[in-house]
Amino acid sequence: PQDAIEGDLKNSSLHATNDDKKPVWAKSEVAHKESQEIAVINEEADLLDFVDNLDFEQYAEDLELKSLVSQLSNRIKTLRKEKKRDETRLQTILDSESAALRA
């Protein structure tokens, strides 16, 4: 698949014309569509290159990233506690209202 994309990328660069330098409003519909397709192909190629060269170890060792993950984890725990507390309060209110309506 990557070879096909790279092939498309090479072929698309051969079709580059002066229309590529024109503003969008000055391009023909076909030229505009072609330039959009070329942009998508270039973006896909860039993303594939990024993924191919990604070094997960580099990010795993990053202290700032570890700190952020730790902060997120603590915030999630706090939110879960608050949610449980709020649910308990709501249930208490519902129970007392229900008891008041029965009385």
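Scroll up for the structure.
Throughout what follows, the structure given in this document is the object of discussion. What you see is a predicted model; the values in this text were computed from it and never measured.

### Observations concerning the overall build of the protein
What the protein contains, in helices and strands, is four helices and zero strands. Counting from the amino terminus, helix and strand elements in the protein follow one another as α-α-α-α. Across the 103 residues in the protein, those meeting the buried criterion constitute 8%. Element-wise, carbon and sulfur atoms account for 57% of the exposed surface of the protein, whose accessible area totals about 9,200 Å².

### Thoughts on the pattern of salt bridges
If you walk through the whole model with that rule in mind, you get two salt bridges. Salt-bridge contacts for E87 lead to K83; the nearest nitrogen and oxygen are separated by 4.0 Å. In this pair, E87 and K83 both sit in helix 4 (residues 63–102), four residues apart, roughly one turn of the helix. Its relative accessible area of 52% is what places K83 among the exposed residues. Across the pair D86 and R85 runs a salt bridge whose closest N-O atoms are separated by 3.8 Å.

### What to know about helix 4
The end-to-end C-alpha separation of helix 4 is 58 Å, in line with the 58 Å expected for 40 residues at 1.5 Å each. Of the residues flanking the start of helix 4, the one acting as N-cap is D62, its side-chain oxygen 3.0 Å from the backbone nitrogen of E64.

### Comments concerning the environment of S35
Mapping S35 onto the fold places it in helix 2 (residues 29–52). In terms of polar contacts, S35 uses its side chain to reach the backbone carbonyl oxygen of H32, at 2.8 Å.

### Looking at helix 2
Helical geometry: 3.6 residues make up each α-helical turn, so side chains three or four residues apart lie on a common side. Between its terminal C-alpha atoms helix 2 stretches 35 Å, which fits the 34 Å expected from 24 residues at 1.5 Å a residue. Among the residues of helix 2, those classed as buried are A31, S35, I38, I41 and A45.

### Brief notes about the environment of D62
Here D62 lies in the loop between helix 3 (56–60) and helix 4. Accessibility expressed as a relative area gives 30% for D62, which makes it partly exposed. Within the local environment of D62, its side chain forms a polar contact with the backbone nitrogen of E64, the two atoms lying 3.0 Å apart.

### Comments concerning a negative patch on the surface
A surface patch of negative charge is lined by E43, E44, D46, D49 and D52. With respect to the element layout, D46 can be found in helix 2.

### Here we look at a nonpolar patch on the surface
On the surface, F50, V51, Y59, L65 and V69 cluster together into a nonpolar patch covering about 460 Å² of accessible area. If you list the elements that add at least two residues to the nonpolar patch, you get helix 2 and helix 4. Residue placement: L65 occurs in helix 4. For L65, a relative accessible area of 34% translates into the label partly exposed.

Each value, and the rule that gives it
Per chain, the residues get numbers from 1 upward, laid out in the order the sequence is written. The predicted origin of the model limits local features to residues at a pLDDT of at least 70 and limits the giving and counting of side-chain atom pairs to 80 or more, whereas totals for whole chains, interfaces and linings rest on all residues. Water and hydrogen atoms were dropped before computing side-chain values, which therefore reflect all heavy atoms in the structure. Numbering goes from the N terminus for both helices and strands, where a helix is a DSSP run of H or I of at least four residues and a strand is a run of E of at least two. Relative accessibility under 20% of the residue-type maximum defines a buried residue, over 50% an exposed one, and the middle range a partly exposed one, all with a 1.4 Å probe and only protein chains included. Only the protein chains shown count as cover for residues, and all accessible areas are computed by the Shrake-Rupley method using a 1.4 Å probe. One side-chain nitrogen of Lys or Arg within 4 Å of one carboxyl oxygen of Asp or Glu is enough to make a salt bridge. Each residue after the first adds 1.5 Å to the expected span of a helix. In the analysis that follows, any N or O atom pair within 3.5 Å is treated as a polar contact, provided that within protein one partner can donate a hydrogen and the other can accept it, and provided that, for residues neighboring in sequence, both atoms belong to side chains. Note on patches: the residues involved have over 30% relative accessible area and no salt bridge, like charges join within 9 Å, and the nonpolar side chains Val, Leu, Ile, Met, Phe, Trp and Tyr join within 5 Å. By the counting rule applied here, Lys and Arg register as positive and Asp and Glu as negative, while His and the ends of each chain are not counted. To locate a charge, the coordinates of NZ of Lys, CZ of Arg, CG of Asp or CD of Glu are taken.

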